[in-house]
Amino acid sequence: MNLYNIKHPEQQVNFAQAVRQGLGKDQGLFFPEIIPQLDNIEELLDLPLVERSQKVLATIIGDEIPTQTLNNAIKNAFTFPAPLVKVMNNIYALELFHGPTLAFKDFGGRFMAQALAAVRGDEKITILTATSGDTGAAVAHAFYGLENINVVILYPKGKISPLQEKLFCTLGGNIRTVAIHGDFDDCQALVKQAFDDAQLRQAIGLNSANSINISRLLAQVCYYFEAIAQLPKEKRNNLVVSVPSGNFGNLTAGLIAKTLGLPIKRFIASTNANDTVPRYLQSGKWEPNATVATLSNAMDVSRPNNWPRVEELFKRNGWKLTNLGACAFNDEQTEVALKAQFAVGYVCEPHGAIAYQALIEQLQPDEVGIFLCTAHPAKFKESVERILNITLPLPTTLDKHNQLPLLSEEMDADFIKLRTYLLK
Ligand SMILES: *Cc1c(COP(=O)(O)O)cnc(C)c1O
């Protein structure tokens, strides 16, 4: 598999290099040179998730990774289902939150970890990341138990929810968690200092497991296939998929799936009040506002970092951006949508509610709509319970971690101390 840097197309890398480096020169995003057209989509749709994903990803990635290695990586990453649930006559929910950290990022994060382990060679790797909660949990669970990969996660002591802390600070093994005496910015600054320290970087094989990593997107392509595989055959022809979008990785993966030949008529980019993209599609002007805090806080992004990949795909396929649907809902509208879903018997959370509402407003009578549910309702327990006036039980995964002791160490926000700790 050959990839190029969108900012500097002369920079070309293979899959292994793209996975290890994350980003190209000038923070440019890597993008596949060729996205093959699959001619056996119907056959693929008849297969179970893991087997189908092995075939789809082998076609994209090529023979750079031995078949058995790639197959194992996929099998180890995709250990949970992505059920399609009928919500109304022509509207379905794709539930992507049945993984260990109850969010769709488990798909991308777990495959990235497996891919990194597969392409690493003999190199020792240390993943260092700062978190204000969610990403830390996803990274910790994705890398847990992988040989020769150490993970160090910094988080601000006392500034993340106790439940979140339990989710990733109780694992042990190759996962070390450090509660920093400071805030999230202090944690991020420490990580940055570590990456700027060439000697340290070399000594422990520092890697960021960046959210922009191409392996994440390839993993996410697989659940679009899984969605359609679960639709009755007569409903597969006029399909619209609504994607709750923050950094637009999820939407990029859907567009790659369409490029591969998956029958999706069109997509809707659904956002909250951070509506840079919906405004851009209206006016043609890229004018990010200051980011505002919303109920759907994983989409509080005003400069979506995957957007260049979306534009690249439209350009290369000769598609028109005017065919990309868009919607932006504020918190008040999000609450109304969540209640409307509840009224038809489906408990959702703010991100999924926004994607649902976009279908309600934009789906034509002859179309079938799928909205993606990116997080378990219990992850947004407080909002969901308040808005719907219900009590949500804690899912067993969360409850299990909640019973375990915390294993974190504490540290001042002091780079020299962190450096010593990392070299230990
Ligand atoms: C990360 C995230 C999103 C946004 O996904 P992107 O790929 O960044 O667009 C949406 N919902 C939830 C719950 C998330 O964690």
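Small disclaimer: the values here were computed from a predicted structure and weren't measured.

1. Some thoughts on the overall build of the protein chain
Looking only at helices and strands, the protein chain features 18 helices and 14 strands. Relative to its length of 424 residues, the protein chain is compact, with a C-alpha radius of gyration of 21 Å against a globular reference of 22 Å. When its C-alpha atoms are laid out on the principal axes, the protein chain stretches across 65 × 50 × 40 Å. For the protein chain, buried positions account for 57% of its 424 residues. In the protein chain, of all internal contacts separated by at least 6 residues, the share reaching a separation of at least 24 is 74%. Approximately 17,700 Å² of the protein chain is accessible, and the part contributed by carbon and sulfur atoms is 49%. A distance of 1 Å separates the average location of the 39 positive side-chain charges in the protein chain from that of its 43 negative side-chain charges.

2. Things to note about the UniProt feature "modified residue: N6-(pyridoxal phosphate)lysine" (unreviewed entry) in the protein chain
Following the UniProt record, the feature "modified residue: N6-(pyridoxal phosphate)lysine" (unreviewed entry) maps to Lys105 here. Residue placement: Lys105 occurs in helix H5 (residues 105-119).

3. Structural notes on helix H18 (residues 415-423)
All of the buried residues along H18 are Phe415, Leu418, Tyr421 and Leu422. Projected down its long axis, H18 carries its buried residues within an arc of 120 degrees, all on one side. Exposed side of H18, more than 90 degrees from the buried face: Ile416 and Thr420 are the residues found there. Those residues of H18 hidden inside the fold are in contact with strand E6 (125-130), strand E7 (149-156), strand E8 (175-181), helix H8 (184-196), helix H9 (198-204) and strand E14 (409-412). At the N-terminal end of H18, a side-chain oxygen is found 3.0 Å from the backbone nitrogen of Ile416, two or three residues along, and the residue is Asp414.

4. Structural notes on the site of the ligand
The immediate surroundings of the ligand are formed by 13 residues, with Lys105, Gly246, Asn247, Phe248 and Thr374 found nearest. About the coverage of the ligand: the protein hides 93% of its 390 Å² of free accessible area. Looking at the shell around the ligand, its residues break down into 5 nonpolar, 7 polar and 1 charged.

5. A few points about the sheet that holds strand E2 (residues 12-14)
To summarise the sheet geometry, strands pair through backbone hydrogen bonds and adopt either a parallel or an antiparallel arrangement. Spatial strand order, E2-E1-E3: 3 strands in an open sheet with antiparallel pairing. Each edge of the open sheet carries a strand with a single partner, namely E2 and strand E3 (30-32). Direction aside, the axes of adjacent strands within the sheet are offset by 40 degrees on average. Bridge count between strand E1 (residues 2-5) and E2: 3 bridges; the pairing is antiparallel.

6. Considering the pairing of E8
Here E8 lies mainly inside the structure; 5 of its 7 residues are buried. As paired strands, E7 and E8 are joined by 6 bridges and run parallel to one another. Counterpart to Tyr155 in the pairing with E8 is Ala179. In terms of handedness, the path from E7 via helix H7 (residues 162-168) over to E8 forms a crossover that is right-handed. Pairing between E8 and E14: 4 bridges, direction parallel. Residue Val178 lies in a different strand from E14, and its bridge partner there is Glu409.

7. Brief notes about the pattern of salt bridges
Oppositely charged side chains are able to pair whenever their charged atoms sit close together. Scanning the model with the defined rule gives 14 salt bridges in all. A salt bridge links Lys25 to Glu10; the shortest N-O distance between them is 3.7 Å. In this pair, Lys25 is assigned in the loop between helix H1 (15-21) and E3 and Glu10 in the loop between E1 and E2, connecting sequence segments 15 residues apart. Judged by its relative accessible area of 44%, Lys25 falls in the partly exposed class. The exposure class assigned to Glu10 is exposed, which follows from its relative accessible area of 56%.

8. Re the UniProt feature "domain: Threonine synthase N-terminal" (unreviewed entry) in the protein chain
UniProt tags residues 10-78 as "domain: Threonine synthase N-terminal" (unreviewed entry). Segment residues 10-78 splits into 52% helix and 9% strand. End C-alpha atoms: 34 Å apart.

9. Section: unusual backbone geometry
Within the chain, Gln27 stands out as a residue other than glycine whose phi angle is a positive 60 degrees. Mapped onto the fold, Gln27 is located in the loop between H1 and E3. In this structure, Asn148 takes a positive phi of about 60 degrees despite not being glycine. Along the chain, Asn148 turns up in the loop between helix H6 (134-143) and E7. The exposure class assigned to Asn148 is partly exposed, which follows from its relative accessible area of 45%.

10. Quick look at the packing of aromatic side chains
Inspection of the entire model under this criterion finds 14 aromatic pairs. Relative to Phe31, the ring of Tyr4 has its centre 6.3 Å away and its plane inclined at 65 degrees; by these criteria the two rings are edge-to-face. Of this pair, Tyr4 sits in strand E1 while Phe31 sits in strand E3, placing them 27 residues apart in sequence. Taken individually, Tyr4 and Phe31 each receive the classification buried, so the pair is uniform in this respect. Considering the side-chain rings of Tyr356 and Phe371, the 5.4 Å spacing of their centres and the 70 degrees angle between planes classify their relative orientation as edge-to-face. With Tyr356 in helix H15 (residues 350-362) and Phe371 in strand E13 (residues 368-373), this residue pair connects regions lying 15 residues apart in the sequence. Take Tyr356: its relative accessible area is 3%, and that puts it in the buried class.

Rules used in this analysis
- Residues numbered from 1 in each chain as written.
- Predicted model: local features only at pLDDT ≥ 70, side-chain atom pairs only at ≥ 80, totals over all residues.
- Heavy atoms only, no water.
- Helix = DSSP H or I, 4+ residues; strand = E, 2+ residues; numbered from the N terminus.
- Rg over C-alpha atoms; globule rule 2.2 N^0.38 Å.
- Buried < 20%, exposed > 50% of the residue type's maximum accessible area, 1.4 Å probe, protein only.
- Contact = heavy atoms within 4.5 Å.
- Areas by Shrake-Rupley, 256 points an atom, 1.4 Å probe, with all protein chains shown as cover.
- Lys, Arg positive; Asp, Glu negative; His and termini not counted.
- Charge placed at Lys NZ, Arg CZ, Asp CG, Glu CD.
- UniProt positions renumbered as here; feature names shortened; annotations may be inferred.
- Arc of directions from axis to C-beta.
- Polar contact = N/O pair within 3.5 Å; in protein donor to acceptor, adjacent residues only side chain to side chain.
- Near = heavy atom within 4 Å.
- Nonpolar A, V, L, I, M, F, W, Y, C, P; charged D, E, K, R; others polar.
- Pairing = 2+ DSSP bridges.
- Axes fitted to C-alpha atoms, helices over the stretch in contact; angles between N-to-C directions.
- Right-handed = clockwise from strand over helix to strand, strands pointing away.
- Salt bridge = Lys/Arg side-chain N within 4 Å of Asp/Glu carboxyl O.
- Phe/Tyr/Trp six-rings, centres within 6.5 Å; stacked < 30°, edge-to-face > 60°.

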